[in-house]
Amino acid sequence: MSDKAYQHAPDPPWIFRTYAGHSTAEKSNALYRSNLARGQTGLSVAFDLPTQTGYDPDHILSRGEVGKVGVPISHLGDMRALFSEIPLEKMNTSMTINAPAAWLLAMYVALADEQGADRALLQGTTQNDLIKEYLSRGTYIFPPGPSLRLIGDMIAWCYREVPKWNPMNVCSYHLQEAGATPEQELAFALATAISVLDTVRAGGQVPEEDFEIVASRISFFVNAGVRFVTELCKMRSFTKLWDEILLERYGVQDKKARRFRYGVQVNSLGLTEPQPENNVYRILIEALAVTLSKDARCRALQLPAWNEALGLPRPWDQQWSLRLQQVLAYETDLLEYEDLFAGSHVVEAKVAELSKGALAQLALIDEMGGAASAIDYMKAELVSSNAKRVRAVETGDLTVVGVNRWTDSEPSPLSAGEGNIETIDPKLEAEVVARIQAWRADRDAAAVEAALADLRAAATDGRNIMEPSITAAKAGVTTGEWAGALREVFGEYRGPTGVAIVVSTGEAEDVEAVKAEVERVSQVLGRTLTYLVGKPGLDGHSNGAEQIATRARACGMEVVYDGIRSTPEEIVRRAKESRAHVVGLSILSGSHLDLVQEVVRLMRAQGLDHIPVVAGGIIPEADALILKQMGVARIYTPKDFRITEIMGDVVRLVEATALAEA
């Protein structure tokens, strides 16, 4: 310990998390207990796509997606298994869940009640940010109005019943993944927080004198990229702007209540499939950006594993990321010092620059009526920004080591051999489906119907949704039934794609060359070359599909892209209607084998097997071979980062197919 003004006894470290969950609740529970035993101090639950989008495992849209990117939680029994031997009263749990956040929190509270826990002691966070789902990640269900109403209900209920719970975690993480500039990330996230606080204030469920308490429970979840200085300054700008917004817009006087409280996962977008061992350095540099600056230090940190660009990390890979945090917190002297950057003219100037740009964007969004009214604008801006970033990587203006420079590499012993990533047993889905069918058969059907009727009535009448949801959880209602009841009342939503305009490429030579080829081949075909881009299944990560659609349009193709969450049947129907010359399928959830096979099968059944199919996503080599055996003509993975070259390849494929048929 030091008596110097700038040094002190170490501060407590941030919460150590790893984002985890897969296959089944039982297997995820074993992983959680193992990670906690190794020194992890909080849980961060990853849910599978059916759970995130409000479907049960036996729904047609769930096919191929069960347990792939997270754990399936369909009812209270699954929640019991997920947290077996983990006392919720003593745990800090983050749940990355958005559209069904009220439902997952309801099941968590129902389980806490079963455990005899004091609700007032429950600590954790539900992400619950629907605006960014419309903009980037795609796991939305309901339209913006009802979604904001559900968030408002949760915030008001948590303030009364679970005061230590953060009911809403404004998530800018996925905005950066979708291409946001630092200024856009700041502005779009803060605009979302403003829309939520305005909803709570207008809802009248929280007395005005307690509004300060509600404001203090809004937390954030951010992204830290590899541009260290910019990311550090972005976090200081977030801290400054949030303090000003709460003071000036909402009159929050307590400085502690105005604190910018955030958790962070460092950037996954920047993790590379080529030379993946370099990702370890990237993860460390990104972690420093959110821990070095005491005045803007994160409250919780979760790090991806070095091999997440290849597939699902193994327990050892997650342990390695946890050890990085522990070394940083306990072996270095980082936590002993006051802010290292206070008074730096470089940092202060960069913070001012970022803040100015963010405030200009915020003013524009305010003029549009707030975040919910500006979704189309923000989505188009993200697609445009991402197109510029992708183009910079292609041209070499933005260096990515091992991808577009210094690509020669020794074989990596870390990536060698069998079992270098976690794999999911293909029989898992059938087992999970059988379990939920058994669950439905064993419950009290009358209690379920009564609970669902009250849930619908609460949604219709404007009553707070939380207590009816907890009652439904205890009655045995399933995730799909809860979401289905609210779909009946609120309807569903189809988000904008952001690709309606052609983003200028500056008349680049490679694009112009492909454009000329498109014109030539279109003359051979007798009409404009038509490219159908499809997103089968529940995977909402649409960045790749958006960039393919945008570049194809820039190259002169007729592009058909309906956005996310299509069934194989819908994709095949659209291919037939549009008379597509090529069908491109984009899947990042690991469900490529199931979904691509079904699309190919249906195309053959419809007599469309003359149309070539190409696929893109995180596809291991072994799976790529299987897809080719199914009849897929081309496989593109993250290492194929030159999109214009992909366009040229697609044009050649279409021409060769047409000539073969002639």
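What counts and what doesn't
- Within any chain, residue numbers begin from 1 and follow the written order of that chain's sequence.
- Residues qualify for local features only when their pLDDT is at least 70, as the model is predicted, and side-chain atom pairs are given and counted only at 80 or more; totals for whole chains, interfaces and linings, by contrast, use all residues.
- Only hydrogens and water are removed before side-chain values are computed, so all heavy atoms of the structure are retained for them.
- Ring pairs shown here join Phe, Tyr and Trp side chains whose ring centres sit within 6.5 Å, with only the six-membered ring taken for Trp; geometry is labelled stacked below 30 degrees between planes, edge-to-face above 60, and tilted in between.
- We count a stretch as a helix when DSSP gives it H or I for four or more residues in a row; a strand needs E for two or more, and each element gets its number in order from the N terminus.
- To sort residues, take the accessible area from a 1.4 Å probe on protein chains only and compare it with the maximum for the residue type: under 20% means buried, over 50% means exposed, and anything in between is partly exposed.
- Two strands are said to pair when DSSP picks up at least two bridges between them.
- Helix axes are fitted to C-alpha atoms over the stretch in contact, other axes to C-alpha atoms as well, and angles between N-to-C directions run from 0 to 180 degrees.
- The term polar contact refers here to a pair of N or O atoms within 3.5 Å; inside protein, the definition further demands a hydrogen-donor-capable atom paired with an acceptor-capable atom, and it admits residues adjacent in sequence only when both atoms are side-chain atoms.
- Throughout, a residue-residue contact means that at least one pair of heavy atoms, one from each residue, lies within 4.5 Å.
- A pair is scored as a salt bridge if a Lys or Arg side-chain nitrogen falls within 4 Å of a carboxyl oxygen belonging to Asp or Glu.

A. Structural detail: the packing of aromatic side chains. Counting across every chain of the model gives 19 aromatic pairs. Ring centres of Tyr-6 and Tyr-337 lie 6.3 Å apart, and the angle between their planes is 10°; on these two criteria the pair is classed as stacked. Highlighted residues: Tyr-6 in the segment before strand E1 (15-17) and Tyr-337 in the loop between helix H12 (315-331) and helix H13 (345-367), separated in sequence by 331 residues. Looking at Tyr-6, the relative accessible area reads 47%, which means it is partly exposed. Ring geometry for Phe-238 and Phe-260: centres 4.9 Å apart, planes at 15°, overall stacked. Taken together, the residues Phe-238 in helix H10 (residues 228-248) and Phe-260 in the loop between H10 and strand E9 (262-266) connect sequence positions 22 residues apart.

B. Looking closely at the sheet that holds strand E8 (residues 219-224). Sheet architecture is open: five strands sit in the order E1-E10-E9-E8-E7, paired in parallel fashion. The open sheet terminates on both sides in strands that have one partner only, identified here as E1 and strand E7 (169-171). On average, each strand axis in the sheet is inclined to that of its neighbour by 20°, with strand direction left out of account. Relative to E9, E8 runs parallel, the two sharing five bridges. In the strand pairing of E9, Phe-220 is matched with Tyr-262.

C. Broad picture of the side chain of Gln-176. With respect to the helices and strands, Gln-176 occurs in helix H7 (residues 173-177). Given the relative accessible area of 10%, Gln-176 is considered buried. A distance of 2.9 Å separates a polar atom in the side chain of Gln-176 from a polar atom in the side chain of Asn-267. Beyond its immediate chain neighbours, meaning those up to four positions away, Gln-176 contacts Glu-185, Asn-223, Ala-224, Gly-225, Glu-231, Lys-234, Asn-267 and Leu-269.

D. Just the pattern of salt bridges, in detail. This model, assessed by the stated rule, comprises 43 salt bridges. Notably, a salt bridge pairs Lys-240 with Glu-244, separated by 3.2 Å at the nearest N-O pair. Placement of both Lys-240 and Glu-244 in helix H10 is noted, with a separation of four residues, approximately one turn of the helix. Here Glu-655 ties to Arg-520 by a salt bridge, and the two come within 2.8 Å at their closest N and O atoms. Of this pair, Glu-655 sits in helix H24 (residues 643-661) while Arg-520 sits in helix H19 (residues 509-525), placing them 135 residues apart in sequence. Owing to a relative accessible area of 17%, Glu-655 belongs among the buried residues under this scheme. Arg-520 gets classed as partly exposed once you look at its relative accessible area, which sits at 33%. Counted as one network, the salt bridges with shared partners bring together Asp-113, Arg-119, Glu-161, Glu-467 and Lys-474.

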